[in-house]
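This is what each chain is made of:
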Amino acid sequence: MILNKKRTGLLLQILLLLFLTAVIAWCCVRREWWWGVACFPLWFYVLTRIIGSAEKTDKIILEFVEAVKYNDFSKNYNTASASGDMKKLLAGLNSINDRFKTVNKERKAENIYLQTILELTGIGILSFDHTTGLIRWMNEAFKKMTDIPYFKNIQALEKRNPEFLKLLLNMETGQTNVFTFKKGMLDEKLLIGATLFATDGRTDKLISLQSIKGTLDETESVAWQKLLNVMTHEIMNSVAPISSLADTLKNQLEPREPDAGPAPIDPEDLKLGLETIRKRSEGLQRFAITYRNLNKITKPVFKKVLVSDIFENLQNLMQPTLDQKHIELDVILKDPFLSVQADVSLIEQVLINLMTNAIEAVRMQATPQITLSAFSEGDRPYIKIADNGVGIPSNIADQIFIPFFSTRKNGNGIGLSLCKQIMILHKGSIQVKSKEGEGTVFLLYF
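Residues numbered from 1 in each chain as written. Predicted model: local features only at pLDDT ≥ 70, side-chain atom pairs only at ≥ 80, totals over all residues. Heavy atoms only, no water.

Asker: In this structure, what is going on with helix H6 (residues 162-170)? I would like to understand it.
Answerer: Residues three or four positions apart in an α-helix share a direction because the helix packs 3.6 residues into each turn. For H6, every residue scored as buried is listed here: Phe164, Leu165, Leu167 and Leu168. The buried side chains of H6 occupy one side of the element, clustering within an arc of 160° when seen end-on. Every exposed residue of H6 that faces more than 90 degrees away from the buried side is listed here: Glu163, Lys166 and Asn170. (Buried < 20%, exposed > 50% of the residue type's maximum accessible area, 1.4 Å probe, protein only. Helix = DSSP H or I, 4+ residues; strand = E, 2+ residues; numbered from the N terminus. Arc of directions from axis to C-beta.)

Structure follows, in structure tokens:
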């Protein structure tokens, strides 16, 4: 609106200038010099006014554009001495300036707010230019975790910790790694995440660091506590009767009176007592061997294998037992070309353990049934073993993967623990869902 009025005023001035030029030219042709001289000052005034107005407007607009370019919004144009269209132009520029000031102030406040949050969080944050390595920003938590006060370029880590630098540069978006960061005599376990984002034509990499040593220590402590509880229980079950029986035999061998000589003992009782001690000792030895085997899982040799081949081998192995116990096995594999990267022997061991457990769970059912199936979601394959057995009581569902924990009378409690360790070696996991009286489902994630 302001520019339209400005354009109209300028057009009128140009028309007036053209009119005066025509009048002066007409006077010169008619040789009426006096009228030509009289009109010339007015012609000159209009010309200078047009030129001055254009130069002033251009100067003001150029100043304004330059100020915007450098984020300088301190300029305030004086409208008191201006009039007409110029006054309206200056007022409009002042209004734009005020709006820019408000937006800039809000942006700075948001930036300060965000930085304050990132400083208060316990997660270390580092942002750097993915191409040049120039550090954009890092918070105090990052400096504290890495024991590095400040550096301008990510390449400065080359001298301090080259392995850490290599990891930061090679990490891709969405990737996470656990890294042991050495700080003097201490080691700090860090969970590192990375993401890339583009702003203003440049690509920055954002790194997050989170200390997990305390969490790992706590989890490890709980795991050891559960393991020691089970081991103590098993060892005491074997040692207590051995000690009691040995004490009984010792008492029978001791003389009842000082001069009575050795007390007679029935050879059968002695034989039975020693046999009992031998059996319990062998049981304790088997327990120790089982623990040693639990800790000696071989390193897996991965290769691409069809799930259908795994199922076929498993079915050939277990079918005689299933037929003998009259258990129905359903095998469901919609995609015959579904494959997994796995160690075949270890995965077959997992499936044999789970199938054996399922057979035991359904043995009392009127129509025992086990379902073996596989499917994929996205790029992740899954194997599922389901049964319609007795189910797992909810109060022990969280303990079934603990080494040596077993609800069977003759169970050693190693099978499911081995299954879990093998799946961890495959960078996968095993989960269980069960409802007492309805059945159990074990799901293997690869």
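Next comes the rest of the write-up.
Asker: I would appreciate a short explanation of the packing of aromatic side chains in the present structure.
Answerer: We describe a pair of aromatic rings using the distance from one ring centre to the other and the angle between the two ring planes. Tallied over the entire structure, the rule returns three aromatic pairs. When the ring of Phe164 is compared with that of Phe179, the centres are 5.5 Å apart and the planes differ by 35°; the resulting orientation is tilted. Highlighted residues: Phe164 in helix H6 and Phe179 in strand E3 (residues 176-183), separated in sequence by 15 residues. Take Phe179: its relative accessible area is 12%, and that puts it in the buried class. (Phe/Tyr/Trp six-rings, centres within 6.5 Å; stacked < 30°, edge-to-face > 60°.)

Asker: Please clarify how the sheet that holds strand E12 (residues 439-445) should be interpreted in this entry.
Answerer: The strands that make up a sheet are held in pairs by hydrogen bonds between backbone atoms, and each pair lies either parallel or antiparallel. Across the sheet, five strands lie side by side as E7-E9-E10-E12-E11; this open sheet has mixed pairing. Both edges of this open sheet fall to strand E7 (328-333) and strand E11 (429-435), since each of them pairs with a single strand only. With direction set aside, neighbouring strand axes in the sheet form an average angle of 15°. Here helix H9 (residues 307-324) sits on the sheet in contact with E7, strand E9 (369-377) and strand E10 (380-387), set at roughly 175° to E7. Along the sheet face, helix H10 (residues 344-362) touches E7, E9, E10, E11 and E12 and points at about 25° away from the line of E10. (Pairing = 2+ DSSP bridges. Axes fitted to C-alpha atoms, helices over the stretch in contact; angles between N-to-C directions. Contact = heavy atoms within 4.5 Å.)

Asker: Any chance you could explain the nonpolar core here in plain terms?
Answerer: Side chains of nonpolar character tend, in soluble globular proteins, to be buried together. Among the nonpolar cores identified, the biggest contains 38 residues, and Leu354, Ile370, Ile383 and Leu444 are the most heavily contacted of them. Breaking this core down by element, the ones donating at least two residues are H9, strand E8 (339-342), H10, E9, E10, helix H11 (415-425) and E12. At nine residues, H10 tops the list of elements feeding residues into this core. Ignoring sequence-local partners within four residues, the contact set of Leu444 consists of Val350, Leu351, Leu354, Pro381, Tyr382, Ile383, Met423, Ser429 and Ile430. In terms of nonpolar packing, the next biggest core, distinct from the first, is built from 22 residues, Met138, Met145, Ile148 and Leu190 among them. (Core = buried A, V, L, I, M, F, W, Y, C linked by side-chain atoms within 4.5 Å.)

Asker: What is the right way to read a nonpolar patch on the surface from this model?
Answerer: Where nonpolar side chains cluster on the molecular surface, the patch consists of Leu11, Leu12, Ile14, Leu15 and Leu18 and spans about 480 Å² of accessible area. Checked against the element boundaries, Ile14 lands in helix H1 (residues 2-29). (Patch = residues over 30% accessible without salt bridge, like charges linked within 9 Å, V, L, I, M, F, W, Y side chains within 5 Å. Areas by Shrake-Rupley, 256 points an atom, 1.4 Å probe, with all protein chains shown as cover. Salt bridge = Lys/Arg side-chain N within 4 Å of Asp/Glu carboxyl O.)

Asker: Is there a simple way to think about unusual backbone geometry in this case?
Answerer: Excluding glycine, a negative phi dihedral is what most residues carry, and trans is how most peptide bonds are arranged. The phi dihedral of His326 is positive, around 60°, even though this residue is not glycine. Inspection of the secondary structure assignment puts His326 in the loop between H9 and E7. The backbone of Lys427 sits at a positive phi, close to 55°, despite the residue not being glycine. Structurally, Lys427 is set in the loop between H11 and E11.

Asker: Any chance you could explain the environment of Phe19 here in plain terms?
Answerer: With respect to the secondary-structure elements, Phe19 resides in helix H1. A relative accessible area of 53% places Phe19 in the exposed class. Measuring from C-alpha to C-alpha, the distance between Phe19 and Trp43 comes to 9.0 Å, with 24 residues separating the pair along the chain.

Asker: Mind showing me how you'd approach the packing of H10 against H11 here?
Answerer: Between two packed helices, what matters for the description is the angle formed by their axes and the separation of those axes. Viewed as axis vectors pointing N to C, H10 and H11 meet at an angle of 145°, and their least axial separation amounts to 9 Å. Judged by the sense of rotation from one axis to the other, the crossing of H10 with H11 is left-handed. In contact with Leu346, Ile347, Gln349, Val350, Asn353, Leu354 and Asn357 of H10, H11 contributes Gly415, Leu416, Leu418, Cys419, Ile422 and Met423. For the contact of H10 with H11, the class distribution of residues is nine nonpolar, four polar and no charged. (Left-handed = near helix turned anticlockwise from the far one by under 90°. Nonpolar A, V, L, I, M, F, W, Y, C, P; charged D, E, K, R; others polar.)

Asker: Help me understand the side chain of Thr146 in this model?
Answerer: Here Thr146 shows up in helix H4 (residues 140-146). Only 2.7 Å separates the side chain of Thr146 from the backbone oxygen of Phe142, close enough to count as a polar contact. Discounting residues that sit within four places of it in the chain, Thr146 has contacts with Phe164, Phe181 and Leu209. (Polar contact = N/O pair within 3.5 Å; in protein donor to acceptor, adjacent residues only side chain to side chain.)

Asker: Quick question: what am I supposed to make of H11 here?
Answerer: Along H11, the residues classified as buried are Leu416, Ser417, Leu418, Cys419, Ile422 and Met423. Following H11 by one or two positions, Lys427 adopts a phi angle in the positive range, close to 55°.

Asker: Quick question: what am I supposed to make of the packing of H9 against H10 here?
Answerer: H10 packs onto H9 with a crossing angle of 35° between their chain directions and a minimal axis gap of 11 Å. Two packed elements cross with a definite hand, and for H9 against H10 that hand is right-handed. Between H9, through Ile310, Asn313, Leu314, Leu317, Met318, Thr321 and Leu322, and H10, the contact on the second element is made entirely by Ile347, Glu348, Leu351, Ile352, Met355, Thr356 and Ile359. Looking at the contact of H9 with H10, its residues break down into ten nonpolar, three polar and one charged.

Asker: I'm lost on the pairing of E12 in this one. Help?
Answerer: A regular strand carries its side chains on alternate faces of the sheet. Here E12 lies mainly inside the structure; six of its seven residues are buried. When E10 meets E12, the two strands line up antiparallel, connected through six bridges. Counterpart to Ile385 in the pairing with E12 is Phe442. Taken together, the seven bridges between E11 and E12 define a ladder with antiparallel strand orientation. From the neighbouring strand, Lys435 faces E12, where its bridge partner is Gly439. What sits between E11 and E12 in their antiparallel hairpin is a turn of three residues, with Gly437 showing a positive phi close to 90°.

Asker: For this particular structure, what's the right way to read the pattern of salt bridges?
Answerer: Any two side chains of opposite charge can pair if their charged atoms end up close together. One pass over the full model with this rule turns up six salt bridges. Of the charged contacts, one joins Glu140 and Lys143 as a salt bridge, the two residues approaching to 3.3 Å between their closest N and O atoms. In this pair, Glu140 and Lys143 are both assigned in helix H4, three residues apart and thus about one turn of the helix distant. Its salt-bridge partner being Lys435, residue Glu438 comes within 3.8 Å of it at the nearest N-O pair. Judged by its relative accessible area of 52%, Glu438 falls in the exposed class. Each of Asp129, Arg136, Arg202 and Asp204 takes part in one network of salt bridges that share partners.

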